[in-house]
Amino acid sequence: MTNQASRVWGVLFTEQGLSDLEAFLKPHLSNGPIGKYLYCKEAELHLSYFRIIVDSKSPDGTTFEFEAYIPHHYIKAVIAATERRKLGFT
């Protein structure tokens, strides 16, 4: 694989993670045959919390970036690829 900056990260959440975080994550989640997931431009798995950076759009169409720290037990799976279509989430 290439360096982290050129990867796309797909994060699949546990049911408990979705239940507890969906109010915050809902505008940023995608839905597919595997469930609800989040595309991230960066992910760090080796910290006390799972750190992600996400590019997103606000309701008015402007783009913004946010960083979130999520407890590891809320994460079901993490997949990285060089392109979104190669992740297999859709």
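Just above, that's the structure.
Since the model is a prediction, treat every value here as computed from it, not as a measurement. (Residues numbered from 1 in each chain as written. Predicted model: local features only at pLDDT ≥ 70, side-chain atom pairs only at ≥ 80, totals over all residues. Heavy atoms only, no water.)

Chemist: What's the story with the pairing of strand β5 (residues 50–57) in this structure? I'm lost.
Modeler: On a regular strand, one side chain projects to one face of the sheet and the next to the other, so that they alternate. Counted residue by residue, β5 has six buried out of eight residues, so it is predominantly covered. Here strand β4 (residues 42–44) pairs with β5 via three bridges, running antiparallel. What sits directly across from Glu-42, in β5, is Ile-53. Between β4 and β5, which follow one another and run antiparallel, lie five residues. Between β5 and the antiparallel strand that follows it, strand β6 (residues 63–70), lie five residues; Gly-61 among them carries a positive phi value of about 95°. (Buried < 20%, exposed > 50% of the residue type's maximum accessible area, 1.4 Å probe, protein only. Helix = DSSP H or I, 4+ residues; strand = E, 2+ residues; numbered from the N terminus. Pairing = 2+ DSSP bridges.)

Chemist: For this particular structure, what's the right way to read the sheet that holds strand β1 (residues 8–13)?
Modeler: Sheets are built from strands paired through backbone hydrogen bonds, the pairs being either parallel or antiparallel. Ordered in space as β2-β3-β1-β7, the four strands form an open sheet in which the pairing is antiparallel. Taken across any chain shown, the strands that pair with only one partner, and hence form the sheet edges, are β2 (30–32) and β7 (75–81). Across this sheet, the average inter-strand angle for adjacent strands is 30°, counted without regard to direction. (Axes fitted to C-alpha atoms, helices over the stretch in contact; angles between N-to-C directions.)

Chemist: Help me understand the pattern of salt bridges, please; the structure alone is not making it clear to me.
Modeler: One pass over the full model with this rule turns up six salt bridges. Glu-65 is paired through a salt bridge with Lys-41; the nearest N and O atoms lie 2.5 Å apart. Here the residue Glu-65 occupies a position in strand β6, and Lys-41 occupies one in the loop between β3 (35–40) and β4, the gap between them amounting to 24 residues. The class of Lys-41 is partly exposed, set by a relative accessible area of 31%. Its salt-bridge partner being Glu-44, residue Arg-51 comes within 2.5 Å of it at the nearest N-O pair. Three or more residues joined by partner-sharing salt bridges are found here, namely Glu-42, Glu-44, Arg-51 and Glu-67. (Salt bridge = Lys/Arg side-chain N within 4 Å of Asp/Glu carboxyl O.)

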